[in-house]
Amino acid sequence: ITIFSAYLTFWISETPAVAVSGVLATVTIGLVLSKNKAVISPDVEESLHHVWEMINYIANTLIFIISGVIVGDRMFGAEQQSTTGSEDTSRNITGADGGYLILLYIG
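Computed from a prediction, not measured in an experiment: that's the story for all the values here.

Criteria and cut-off values
- Residues numbered from 1 in each chain as written.
- Predicted model: local features only at pLDDT ≥ 70, side-chain atom pairs only at ≥ 80, totals over all residues.
- Heavy atoms only, no water.
- Helix = DSSP H or I, 4+ residues; strand = E, 2+ residues; numbered from the N terminus.
- Buried < 20%, exposed > 50% of the residue type's maximum accessible area, 1.4 Å probe, protein only.
- Contact = heavy atoms within 4.5 Å.
- Axes fitted to C-alpha atoms, helices over the stretch in contact; angles between N-to-C directions.
- Left-handed = near helix turned anticlockwise from the far one by under 90°.
- Nonpolar A, V, L, I, M, F, W, Y, C, P; charged D, E, K, R; others polar.

Chemist: Sorry if this is basic, but what is going on with the overall build of the chain here?
Modeler: Looking only at helices and strands, one finds 4 helices and 0 strands in the chain. Reading the chain from its N terminus to its C terminus gives the helix and strand order α-α-α-α. Residue burial in the chain is summarised as follows: out of 107 residues, 7% are buried. Partitioning the intrachain contacts of the chain with sequence separation of at least 6 by distance along the chain shows that 19% fall at a separation of at least 24.

Structure representation (C-alpha cells):
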C-alpha cells in the first residue's frame, strides 16, 4: 500500500489537470500514512521498514553508479570539439579535478 500510494500520488499530482508538485504531494501522503500507522500491525511495520530500506539502498546504489559513469566519461572520455574545431575545455573534467575530489574526501 505504501509503495503504491507514493507512486499514485506522484503520478496524479503531476498531471496537467492537477498541476501540483509531485514531491510535495508524495511527502504529504507520507505524513498522512505516518499519522495513521496505528492501523498497521507491528509485524507488518517491521517488514515494511525492511522493504523501504532495501528500496533506499538500491536507489542510492543506482544513483552513484550512474553519476560515476558520467564523471568517468567526462574525465577520461574523448575530447570534446566545439563548432570551430578547437577543444572545448569548459565542459571537460580534468585529472586535477579528480585530485581535488580525493583531497576533499580525505579532508
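That shown, we press on.
Chemist: Even after reading the chapter, I still don't get the packing of helix H1 (residues 2–13) against helix H2 (residues 22–35), so can you show me in this structure?
Modeler: A pair of packed helices is captured by two measures, namely the crossing angle of their axes and the spacing between those axes. Between H1 and H2, the least distance of the axes is 8 Å, while the angle of their chain directions is 145°. Here H1 runs over H2; the crossing is right-handed. Residues Thr2, Ser5, Ala6, Thr9, Phe10 and Ser13 of H1 pack against Gly22, Val23, Ala25, Thr26, Ile29 and Leu33 of H2. Across the contact of H1 with H2, the residue classes break down as 6 nonpolar, 6 polar and no charged.

Chemist: What am I meant to see in the side chain of Ser5 here?
Modeler: Along the chain, Ser5 falls in helix H1. Under the relative-accessibility criterion, Ser5 is labelled buried at 13%. Not counting residues within four places of it along the chain, the set of residues in contact with Ser5 comprises Ile29 and Leu33.

Chemist: Sorry if this is basic, but what is going on with the side chain of Ser13 here?
Modeler: Within the secondary structure, Ser13 is located in helix H1. Setting aside residues up to four positions removed in sequence, Ser13 forms contacts with Val18, Ala19, Val20, Ser21, Gly22 and Ala25.

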